[in-house]
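Fold and contact review
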Amino acid sequence: MTLPGAAEGLRYFLVPDWRKLLEPTVWIAGISQAFFSLSLAFGVMQAYGSYRPDEAEIPRAVAW
């Protein structure tokens, strides 16, 4: 905040450039990020579920 150009950097960070939504590369990057995040989450959930005992109460664990 004390360096020269800090205000310009904050403006770039906080004020969206809506024209970027028209670029296909932005959508491709967003879809690939979502796919990557979901694939990691599903893999972790499968590993977690494989270690749960058969008599575990799943709804109770989810609520907890």
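Residues numbered from 1 in each chain as written. Predicted model: local features only at pLDDT ≥ 70, side-chain atom pairs only at ≥ 80, totals over all residues. Heavy atoms only, no water.

1. Comments concerning the overall build of the chain
Looking only at helices and strands, the chain features three helices and zero strands. In sequence order, the chain lays out its α and β elements as α-α-α. Compactness check: the chain gives a C-alpha radius of gyration of 21 Å against a globular reference of 11 Å for 64 residues, more than 25% above the reference. Looking at the 64 residues of the chain, the share that counts as buried comes to 0%. (Helix = DSSP H or I, 4+ residues; strand = E, 2+ residues; numbered from the N terminus. Rg over C-alpha atoms; globule rule 2.2 N^0.38 Å. Buried < 20%, exposed > 50% of the residue type's maximum accessible area, 1.4 Å probe, protein only.)

2. Examining the environment of P4
Within the secondary structure, P4 sits in the segment before α1 (6-14). Sequence separation of P4 and A29 is 25 residues, and the distance between their C-alpha atoms is 31 Å.

3. Let's talk about the pattern of salt bridges
This structure, assessed with the given rule, holds two salt bridges. Between D17 and R19 there is a salt bridge, with its nearest N and O atoms 3.1 Å apart. Of the residues examined, D17 reaches a relative accessible area of 33% and is grouped as partly exposed. For R19, a relative accessible area of 64% gives the class exposed. As a salt-bridge pair, K20 and E23 come within 3.7 Å of each other at their nearest N and O atoms. (Salt bridge = Lys/Arg side-chain N within 4 Å of Asp/Glu carboxyl O.)

4. Notes on a nonpolar patch on the surface
A cluster of nonpolar residues, M1, L10, F13, L14 and V15, forms a patch on the protein surface that exposes about 600 Å² of accessible area. Following the sequence through the fold, V15 ends up in the loop between α1 and α2 (24-51). (Patch = residues over 30% accessible without salt bridge, like charges linked within 9 Å, V, L, I, M, F, W, Y side chains within 5 Å. Areas by Shrake-Rupley, 256 points an atom, 1.4 Å probe, with all protein chains shown as cover.)

5. Some points on the confidence of the model for the chain
Here the chain averages 87 in pLDDT, while 100% of its residues score no lower than 70. By mean pLDDT, the top-scoring element of the chain is α1 (93), and the lowest-scoring one is helix α3 (residues 58-63) (81). (pLDDT = per-residue confidence, 0-100.)

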